[in-house]
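# Reading the structure
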Amino acid sequence: MIVRILGEGQFRVDDTATTELNHLDTALETAVERGDEPAFQDALTGLLAQVRAQGSPLPPDTLEPSDLILPHQDSSMDEVRKLLTDEGLIPG
Amino acid sequence: MGVMKRVQLVFKAKANKALDKMEDPRETLDYSYQRQLELLTKVRRGVADVATSRKRVELQMNQLQQQANKLDDQARKALGLGREDLARDALTRKSSAQSQLNDLQGQYAQLQAEEEKLTVASQRLQAKVDAFRTRKETIKATYTAAEAQTRINEAFSGISEEMGDVGMAIQRAEDKTAQMQARAGAIDELMASGALDDVGGRRDDIQAELDQLSANSDVESELRRLRGEIAASAPKQLEGSGPNGDAQVANGGQSQAQSAPYAPPAPTQNPQNTQNPQQAAQPAGIPVSDLPSANDQPQDGEG
(Lines give C-alpha, C1' and ligand atoms only; values in the text may rest on other atoms or scores of the structure.)
Protein backbone atom coordinates (compact mmCIF):
# COMPACT_ATOMS: atom_id res chain seq x y z
CA MET A 1 0.00 0.00 0.00
CA ILE A 2 1.36 3.44 -0.94
CA VAL A 3 0.69 6.40 1.34
CA ARG A 4 1.57 9.98 0.49
CA ILE A 5 2.16 12.62 3.12
CA LEU A 6 1.60 15.95 1.42
CA GLY A 7 4.82 17.95 1.38
CA GLU A 8 6.93 14.92 2.28
CA GLY A 9 6.51 12.31 -0.42
CA GLN A 10 5.34 8.72 -0.74
CA PHE A 11 5.86 5.74 1.58
CA ARG A 12 5.27 2.05 1.05
CA VAL A 13 3.44 0.77 4.10
CA ASP A 14 2.83 -2.88 4.87
CA ASP A 15 -0.84 -3.88 4.75
CA THR A 16 -0.61 -5.24 8.31
CA ALA A 17 -0.27 -1.66 9.57
CA THR A 18 -3.66 -0.79 8.09
CA THR A 19 -5.68 -1.49 11.24
CA GLU A 20 -3.67 0.94 13.32
CA LEU A 21 -3.76 3.57 10.57
CA ASN A 22 -7.51 3.24 10.15
CA HIS A 23 -7.99 3.62 13.87
CA LEU A 24 -6.07 6.91 13.89
CA ASP A 25 -7.76 7.99 10.67
CA THR A 26 -11.19 7.56 12.27
CA ALA A 27 -10.05 9.68 15.21
CA LEU A 28 -8.87 12.33 12.74
CA GLU A 29 -12.18 12.32 10.90
CA THR A 30 -14.20 12.54 14.12
CA ALA A 31 -12.06 15.45 15.28
CA VAL A 32 -12.63 17.32 11.99
CA GLU A 33 -16.38 16.71 12.18
CA ARG A 34 -16.59 17.93 15.75
CA GLY A 35 -14.23 20.84 15.20
CA ASP A 36 -12.02 19.57 18.02
CA GLU A 37 -8.66 21.21 17.30
CA PRO A 38 -6.54 19.51 20.02
CA ALA A 39 -7.89 16.06 19.09
CA PHE A 40 -7.27 16.89 15.44
CA GLN A 41 -3.63 17.80 16.09
CA ASP A 42 -3.10 14.66 18.18
CA ALA A 43 -4.63 12.38 15.56
CA LEU A 44 -2.77 13.98 12.65
CA THR A 45 0.57 13.89 14.46
CA GLY A 46 -0.01 10.25 15.44
CA LEU A 47 -1.02 9.28 11.92
CA LEU A 48 2.00 10.91 10.29
CA ALA A 49 4.37 9.42 12.87
CA GLN A 50 2.89 5.99 12.25
CA VAL A 51 3.33 6.23 8.46
CA ARG A 52 6.90 7.49 8.82
CA ALA A 53 7.76 4.74 11.31
CA GLN A 54 6.07 1.85 9.49
CA GLY A 55 6.69 2.92 5.92
CA SER A 56 9.76 3.05 3.73
CA PRO A 57 10.12 6.07 1.43
CA LEU A 58 9.50 5.40 -2.25
CA PRO A 59 12.27 6.46 -4.64
CA PRO A 60 11.46 9.91 -6.02
CA ASP A 61 11.34 8.73 -9.63
CA THR A 62 8.38 6.36 -9.10
CA LEU A 63 5.26 7.26 -11.02
CA GLU A 64 2.85 5.17 -8.96
CA PRO A 65 -0.24 6.88 -7.65
CA SER A 66 -0.91 6.59 -3.91
CA ASP A 67 -3.67 4.57 -2.26
CA LEU A 68 -4.01 7.01 0.61
CA ILE A 69 -3.04 10.66 1.00
CA LEU A 70 -2.38 12.46 4.27
CA PRO A 71 -2.45 16.23 4.92
CA HIS A 72 0.65 18.31 5.63
CA GLN A 73 2.27 18.10 9.01
CA ASP A 74 1.35 21.70 9.87
CA SER A 75 -2.16 21.64 8.36
CA SER A 76 -4.89 23.46 10.21
CA MET A 77 -8.25 21.80 10.62
CA ASP A 78 -9.69 24.37 8.27
CA GLU A 79 -7.21 23.43 5.55
CA VAL A 80 -8.09 19.77 5.88
CA ARG A 81 -11.78 20.58 5.60
CA LYS A 82 -11.12 22.47 2.39
CA LEU A 83 -8.97 19.64 1.14
CA LEU A 84 -11.87 17.24 1.60
CA THR A 85 -14.59 19.36 0.10
CA ASP A 86 -13.03 21.81 -2.27
CA GLU A 87 -11.01 20.67 -5.24
CA GLY A 88 -9.90 24.24 -5.71
CA LEU A 89 -7.31 23.79 -2.97
CA ILE A 90 -5.23 21.57 -5.22
CA PRO A 91 -3.79 23.78 -7.96
CA GLY A 92 -3.33 22.60 -11.54
CA MET B 1 -14.56 6.54 4.67
CA GLY B 2 -11.56 8.04 6.41
CA VAL B 3 -9.77 11.28 5.73
CA MET B 4 -6.83 9.58 3.97
CA LYS B 5 -9.03 7.89 1.37
CA ARG B 6 -11.14 10.95 0.77
CA VAL B 7 -8.10 13.14 0.11
CA GLN B 8 -6.76 10.49 -2.26
CA LEU B 9 -10.06 10.45 -4.15
CA VAL B 10 -10.03 14.21 -4.49
CA PHE B 11 -6.57 14.03 -6.06
CA LYS B 12 -7.62 11.17 -8.31
CA ALA B 13 -10.74 12.99 -9.48
CA LYS B 14 -8.56 15.93 -10.39
CA ALA B 15 -6.28 13.74 -12.50
CA ASN B 16 -9.20 12.00 -14.20
CA LYS B 17 -10.82 15.27 -15.07
CA ALA B 18 -7.63 16.43 -16.78
CA LEU B 19 -7.32 13.11 -18.61
CA ASP B 20 -10.90 13.24 -19.85
CA LYS B 21 -10.22 16.51 -21.60
CA MET B 22 -7.65 14.85 -23.85
CA GLU B 23 -8.74 12.94 -26.92
CA ASP B 24 -5.40 11.92 -28.38
CA PRO B 25 -3.12 9.96 -25.99
CA ARG B 26 -0.04 11.58 -27.49
CA GLU B 27 -1.51 14.94 -26.77
CA THR B 28 -1.98 13.91 -23.14
CA LEU B 29 1.67 12.93 -22.81
CA ASP B 30 3.08 16.02 -24.45
CA TYR B 31 0.69 18.43 -22.81
CA SER B 32 1.30 16.95 -19.38
CA TYR B 33 5.06 17.05 -19.89
CA GLN B 34 4.79 20.71 -20.81
CA ARG B 35 2.85 21.41 -17.64
CA GLN B 36 5.44 19.54 -15.59
CA LEU B 37 8.26 21.67 -16.96
CA GLU B 38 6.27 24.81 -16.18
CA LEU B 39 5.69 23.63 -12.63
CA LEU B 40 9.39 22.86 -12.23
CA THR B 41 10.23 26.42 -13.25
CA LYS B 42 7.60 27.69 -10.85
CA VAL B 43 8.85 25.69 -7.89
CA ARG B 44 12.42 26.82 -8.53
CA ARG B 45 11.26 30.42 -8.67
CA GLY B 46 9.42 29.73 -5.41
CA VAL B 47 12.66 28.59 -3.76
CA ALA B 48 14.39 31.76 -4.97
CA ASP B 49 11.54 33.97 -3.70
CA VAL B 50 11.61 32.44 -0.25
CA ALA B 51 15.39 32.83 -0.15
CA THR B 52 15.08 36.51 -1.07
CA SER B 53 12.51 37.00 1.64
CA ARG B 54 14.69 35.21 4.15
CA LYS B 55 17.66 37.44 3.29
CA ARG B 56 15.53 40.52 3.75
CA VAL B 57 14.50 39.35 7.20
CA GLU B 58 18.14 38.66 7.98
CA LEU B 59 19.03 42.21 7.02
CA GLN B 60 16.27 43.61 9.19
CA MET B 61 17.36 41.49 12.12
CA ASN B 62 20.84 42.99 11.81
CA GLN B 63 19.41 46.49 11.65
CA LEU B 64 17.23 45.93 14.69
CA GLN B 65 20.17 44.51 16.60
CA GLN B 66 22.24 47.58 15.75
CA GLN B 67 19.33 49.78 16.76
CA ALA B 68 19.03 47.99 20.10
CA ASN B 69 22.77 48.33 20.71
CA LYS B 70 22.65 52.01 19.83
CA LEU B 71 19.73 52.65 22.17
CA ASP B 72 21.50 50.80 24.96
CA ASP B 73 24.51 53.01 24.40
CA GLN B 74 22.36 56.13 24.41
CA ALA B 75 20.68 55.04 27.63
CA ARG B 76 24.06 54.56 29.27
CA LYS B 77 25.20 57.98 28.16
CA ALA B 78 21.95 59.63 29.25
CA LEU B 79 22.21 58.06 32.66
CA GLY B 80 25.84 59.10 32.92
CA LEU B 81 24.64 62.65 32.34
CA GLY B 82 22.02 62.33 34.99
CA ARG B 83 19.19 62.37 32.43
CA GLU B 84 17.16 59.44 33.64
CA ASP B 85 14.15 60.57 31.58
CA LEU B 86 16.15 60.22 28.37
CA ALA B 87 17.59 56.90 29.47
CA ARG B 88 14.09 55.66 30.19
CA ASP B 89 12.94 56.71 26.73
CA ALA B 90 15.89 55.01 25.05
CA LEU B 91 15.37 51.79 27.02
CA THR B 92 11.66 51.77 26.18
CA ARG B 93 12.57 51.94 22.52
CA LYS B 94 15.19 49.31 22.98
CA SER B 95 12.64 46.99 24.55
CA SER B 96 10.42 47.55 21.52
CA ALA B 97 13.23 46.86 19.05
CA GLN B 98 14.12 43.75 21.02
CA SER B 99 10.58 42.39 20.84
CA GLN B 100 10.46 43.02 17.08
CA LEU B 101 13.74 41.18 16.83
CA ASN B 102 12.40 38.19 18.76
CA ASP B 103 9.36 38.08 16.48
CA LEU B 104 11.54 38.15 13.39
CA GLN B 105 13.69 35.32 14.68
CA GLY B 106 10.64 33.06 14.78
CA GLN B 107 9.57 34.10 11.28
CA TYR B 108 13.09 33.61 10.03
CA ALA B 109 13.11 30.01 11.21
CA GLN B 110 9.77 29.43 9.46
CA LEU B 111 11.06 30.80 6.18
CA GLN B 112 14.15 28.66 6.44
CA ALA B 113 12.02 25.55 6.94
CA GLU B 114 9.82 26.54 4.01
CA GLU B 115 12.85 27.00 1.79
CA GLU B 116 14.15 23.55 2.67
CA LYS B 117 10.77 21.92 2.03
CA LEU B 118 10.44 23.56 -1.37
CA THR B 119 13.98 22.60 -2.34
CA VAL B 120 13.27 18.96 -1.54
CA ALA B 121 9.92 19.16 -3.37
CA SER B 122 11.64 20.56 -6.44
CA GLN B 123 14.17 17.71 -6.42
CA ARG B 124 11.41 15.14 -6.09
CA LEU B 125 9.43 16.67 -8.91
CA GLN B 126 12.54 16.80 -11.09
CA ALA B 127 13.09 13.06 -10.57
CA LYS B 128 9.48 12.30 -11.45
CA VAL B 129 9.51 14.55 -14.52
CA ASP B 130 12.65 12.78 -15.78
CA ALA B 131 10.98 9.40 -15.21
CA PHE B 132 7.87 10.60 -17.00
CA ARG B 133 9.87 11.77 -20.02
CA THR B 134 11.48 8.33 -20.36
CA ARG B 135 8.13 6.62 -19.94
CA LYS B 136 6.56 8.96 -22.48
CA GLU B 137 9.09 8.04 -25.18
CA THR B 138 8.72 4.32 -24.43
CA ILE B 139 4.95 4.50 -24.64
CA LYS B 140 5.05 6.39 -27.90
CA ALA B 141 7.47 3.93 -29.50
CA THR B 142 6.28 0.56 -28.26
CA TYR B 143 2.68 0.11 -27.45
CA THR B 144 -0.52 -0.26 -29.40
CA ALA B 145 -3.09 2.43 -28.93
CA ALA B 146 -5.15 0.46 -26.39
CA GLU B 147 -2.10 -0.48 -24.34
CA ALA B 148 -0.79 3.03 -24.58
CA GLN B 149 -3.96 4.44 -23.06
CA THR B 150 -3.63 2.28 -19.93
CA ARG B 151 0.05 3.08 -19.49
CA ILE B 152 -0.55 6.75 -20.07
CA ASN B 153 -3.27 6.79 -17.43
CA GLU B 154 -0.92 5.18 -14.91
CA ALA B 155 1.96 7.51 -15.58
CA PHE B 156 -0.34 10.49 -15.67
CA SER B 157 -2.05 9.70 -12.33
CA GLY B 158 1.32 9.29 -10.62
CA ILE B 159 2.76 12.55 -11.85
CA SER B 160 -0.50 14.43 -11.47
CA GLU B 161 -0.58 13.61 -7.77
CA GLU B 162 2.97 14.88 -7.36
CA MET B 163 2.11 18.04 -9.26
CA GLY B 164 -0.88 18.66 -7.01
CA ASP B 165 1.32 18.19 -3.96
CA VAL B 166 4.07 20.48 -5.25
CA GLY B 167 1.50 23.04 -6.36
CA MET B 168 0.13 23.17 -2.82
CA ALA B 169 3.64 23.45 -1.40
CA ILE B 170 4.31 26.45 -3.64
CA GLN B 171 1.02 28.02 -2.60
CA ARG B 172 1.83 27.59 1.08
CA ALA B 173 5.30 29.04 0.64
CA GLU B 174 3.87 32.00 -1.29
CA ASP B 175 1.36 32.68 1.48
CA LYS B 176 4.06 32.59 4.14
CA THR B 177 6.35 34.81 2.07
CA ALA B 178 3.57 37.33 1.44
CA GLN B 179 2.80 37.54 5.17
CA MET B 180 6.47 37.93 5.89
CA GLN B 181 6.90 40.69 3.32
CA ALA B 182 3.95 42.64 4.63
CA ARG B 183 5.50 42.40 8.05
CA ALA B 184 8.95 43.33 6.81
CA GLY B 185 7.48 46.37 5.06
CA ALA B 186 5.81 47.47 8.27
CA ILE B 187 9.02 47.10 10.24
CA ASP B 188 10.92 49.05 7.58
CA GLU B 189 8.46 51.91 7.94
CA LEU B 190 8.67 51.69 11.70
CA MET B 191 12.44 51.91 11.64
CA ALA B 192 12.38 54.77 9.15
CA SER B 193 10.01 56.74 11.36
CA GLY B 194 12.26 56.18 14.37
CA ALA B 195 9.23 55.39 16.48
CA LEU B 196 10.00 51.88 17.58
CA ASP B 197 8.02 52.48 20.76
CA ASP B 198 4.78 53.02 18.85
CA VAL B 199 3.99 49.40 18.13
CA GLY B 200 0.98 47.35 19.11
CA GLY B 201 -1.67 49.73 17.77
CA ARG B 202 -3.84 46.87 16.59
CA ARG B 203 -3.81 44.92 19.82
CA ASP B 204 -6.58 45.00 22.36
CA ASP B 205 -6.42 47.23 25.43
CA ILE B 206 -5.58 44.51 27.93
CA GLN B 207 -2.76 43.20 25.79
CA ALA B 208 -1.46 46.74 25.35
CA GLU B 209 -1.55 47.25 29.11
CA LEU B 210 0.20 43.95 29.76
CA ASP B 211 2.83 44.82 27.18
CA GLN B 212 3.25 48.17 28.86
CA LEU B 213 3.72 46.54 32.27
CA SER B 214 6.28 44.14 30.90
CA ALA B 215 8.07 46.93 29.05
CA ASN B 216 8.08 48.98 32.26
CA SER B 217 9.66 46.21 34.24
CA ASP B 218 12.18 45.69 31.45
CA VAL B 219 13.06 49.35 31.67
CA GLU B 220 13.38 49.20 35.47
CA SER B 221 15.68 46.20 35.37
CA GLU B 222 17.74 47.78 32.61
CA LEU B 223 18.02 50.95 34.67
CA ARG B 224 19.23 48.90 37.65
CA ARG B 225 21.76 47.15 35.43
CA LEU B 226 23.11 50.41 34.04
CA ARG B 227 23.33 51.96 37.51
CA GLY B 228 25.29 48.94 38.62
CA GLU B 229 27.66 49.25 35.69
CA ILE B 230 28.22 52.92 36.24
CA ALA B 231 28.73 52.40 39.96
CA ALA B 232 31.18 49.60 39.17
CA SER B 233 33.30 51.89 37.05
CA ALA B 234 33.34 54.62 39.70
CA PRO B 235 34.79 53.13 42.98
CA LYS B 236 38.45 53.62 42.04
CA GLN B 237 38.00 57.36 41.88
CA LEU B 238 35.84 57.36 44.98
CA GLU B 239 38.09 55.41 47.33
CA GLY B 240 38.63 57.27 50.57
CA SER B 241 36.53 60.19 49.44
CA GLY B 242 34.56 60.41 52.68
CA PRO B 243 30.86 59.78 53.45
CA ASN B 244 29.87 59.68 49.80
CA GLY B 245 32.19 56.76 49.16
CA ASP B 246 30.50 54.81 51.95
CA ALA B 247 27.12 55.63 50.51
CA GLN B 248 28.23 54.03 47.27
CA VAL B 249 28.82 50.73 49.06
CA ALA B 250 25.53 50.89 50.93
CA ASN B 251 23.85 51.51 47.62
CA GLY B 252 24.61 47.98 46.43
CA GLY B 253 26.79 49.25 43.63
CA GLN B 254 29.67 47.02 44.71
CA SER B 255 27.76 43.77 44.68
CA GLN B 256 26.79 44.26 41.03
CA ALA B 257 30.30 45.23 40.07
CA GLN B 258 31.40 41.59 40.07
CA SER B 259 28.82 40.34 37.61
CA ALA B 260 28.40 43.40 35.41
CA PRO B 261 29.07 42.27 31.84
CA TYR B 262 30.07 45.70 30.62
CA ALA B 263 32.78 47.88 32.15
CA PRO B 264 32.97 51.25 30.45
CA PRO B 265 36.39 52.90 30.39
CA ALA B 266 37.12 55.03 33.43
CA PRO B 267 36.15 58.59 32.53
CA THR B 268 39.52 60.10 33.44
CA GLN B 269 39.41 62.67 30.67
CA ASN B 270 36.38 64.32 32.18
CA PRO B 271 36.69 64.85 35.94
CA GLN B 272 33.10 65.96 36.58
CA ASN B 273 31.87 62.57 35.37
CA THR B 274 32.89 61.13 38.71
CA GLN B 275 30.32 63.38 40.33
CA ASN B 276 27.41 62.74 38.00
CA PRO B 277 27.00 58.99 38.32
CA GLN B 278 27.22 59.40 42.03
CA GLN B 279 24.51 61.98 41.88
CA ALA B 280 22.31 59.72 39.78
CA ALA B 281 22.77 56.84 42.19
CA GLN B 282 22.19 58.96 45.28
CA PRO B 283 19.48 57.32 47.39
CA ALA B 284 16.99 59.36 49.38
CA GLY B 285 18.13 60.44 52.84
CA ILE B 286 21.84 60.79 52.06
CA PRO B 287 23.29 64.03 53.35
CA VAL B 288 23.61 66.27 50.35
CA SER B 289 24.61 69.46 52.06
CA ASP B 290 27.91 69.58 50.16
CA LEU B 291 26.24 69.18 46.75
CA PRO B 292 25.43 72.35 44.86
CA SER B 293 21.77 73.31 44.40
CA ALA B 294 20.53 70.29 46.34
CA ASN B 295 17.35 72.11 47.26
CA ASP B 296 16.42 72.43 43.61
CA GLN B 297 16.21 68.66 43.09
CA PRO B 298 13.58 67.24 45.43
CA GLN B 299 12.41 64.81 42.72
CA ASP B 300 15.67 62.85 42.78
CA GLY B 301 14.63 60.81 45.78
CA GLU B 302 11.40 59.61 44.15
CA GLY B 303 12.96 59.03 40.74
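The rules behind these values
- Residues numbered from 1 in each chain as written.
- Chains lettered and ligands numbered in written order.
- Predicted model: local features only at pLDDT ≥ 70, side-chain atom pairs only at ≥ 80, totals over all residues.
- Heavy atoms only, no water.
- pLDDT = per-residue confidence, 0-100.
- Helix = DSSP H or I, 4+ residues; strand = E, 2+ residues; numbered from the N terminus.
- Expected span 1.5 Å × (residues − 1).
- Buried < 20%, exposed > 50% of the residue type's maximum accessible area, 1.4 Å probe, protein only.
- Arc of directions from axis to C-beta.
- Contact = heavy atoms within 4.5 Å.
- Pairing = 2+ DSSP bridges.
- Buried area = accessible area lost by both parts, 1.4 Å probe.
- Salt bridge = Lys/Arg side-chain N within 4 Å of Asp/Glu carboxyl O.
- Polar contact = N/O pair within 3.5 Å; in protein donor to acceptor, adjacent residues only side chain to side chain.

Moving on to the confidence of the model for chain A. Per-residue confidence for chain A averages 88 on the pLDDT scale, and 92% of its residues sit at or above 70. Averaged pLDDT values for the elements of chain A fall to 86 in helix H3 (residues 77-85) of chain A and rise to 95 in strand S3 (residues 56-57) of chain A.

Quick look at helix H1 (residues 18-34) of chain A now. Helix length check: H1(A) (17 residues) gives 24 Å between terminal C-alpha atoms against 24 Å at 1.5 Å per residue, within 8%. Turning to H1(A), its buried residues number three or more, namely Leu21(A), Leu24(A), Asp25(A), Leu28(A), Glu29(A), Ala31(A) and Val32(A). The buried residues of H1(A) occupy one face: seen down the axis, they fall within an arc of 160°. Turned more than 90 degrees away from the buried face of H1(A), the exposed residues are Thr19(A), His23(A), Glu33(A) and Arg34(A). Of the surrounding secondary structure, the elements contacted by the buried residues of H1(A) are helix H2 (37-54) and H3 of chain A together with helix H1 (3-20) of chain B. Trailing H1(A) by a residue or two, Gly35(A) shows a phi angle of about 70°, which is positive.

Moving on: the pairing of strand S2 (residues 9-12) of chain A. Residues and elements named next belong to chain A. Note: strand S1 (residues 2-5) against S2, four bridges, orientation antiparallel. Following the sheet pairing, Val3 is matched in S2 by Phe11. Of the pairings in the sheet, the one linking S2 to S3 comprises two bridges and is antiparallel in character. Of the residues in S3, the one forming a bridge with Phe11 is Pro57.

This next bit is on the interface of chain B and chain A. Counting from both sides, the interface comprises 34 residues of chain B and, opposite them, 37 residues of chain A. Here chain B packs against chain A, burying approximately 3,400 Å² in sum over the two surfaces, 60% of which is carbon and sulfur. Of all residues in chain B, Val3(B), Met4(B) and Arg172(B) bury the most surface against chain A, accounting for 23% of the area lost on that side. For the pair chain B and chain A, the number of links is eight salt bridges. A salt bridge links Lys117(B) to Asp74(A), with the nearest nitrogen and oxygen atoms 3.7 Å apart. Joining chain B to chain A, the criterion identifies 18 residue pairs in polar contact (both at pLDDT 80 or more). Broken down by secondary-structure element, the contributors of at least two residues to the side of chain B that touches chain A are H1, helix H3 (84-142) and helix H4 (145-193) of chain B.

End to end, helix H2 (residues 25-80) of chain B covers 82 Å across 56 residues, agreeing with the expected 82 Å (1.5 Å per residue, within 8%). With its phi angle positive at about 75°, Gly82(B) sits one or two positions after the end of H2(B).

Another point: the pattern of salt bridges. Residue and element names in this part refer to chain B. For the structure shown, the criterion picks out 35 salt bridges over all chains. One salt bridge in this structure joins Arg76 and Asp72, with 3.5 Å as the shortest N-O distance. Of this pair, Arg76 and Asp72 are both found in helix H2, four residues apart, which corresponds to roughly one turn of the helix. In this pair, the class of Arg76 matches that of Asp72, namely buried. With its nearest N and O atoms 3.0 Å apart, the salt bridge here joins Arg83 to Asp85. In this structure Asp85 comes out as partly exposed when scored by relative accessible area, which is 46%. Through salt bridges with shared partners, a single ionic network connects Asp72, Asp73, Arg76, Lys77, Lys94, Glu222, Arg225 and Glu229.

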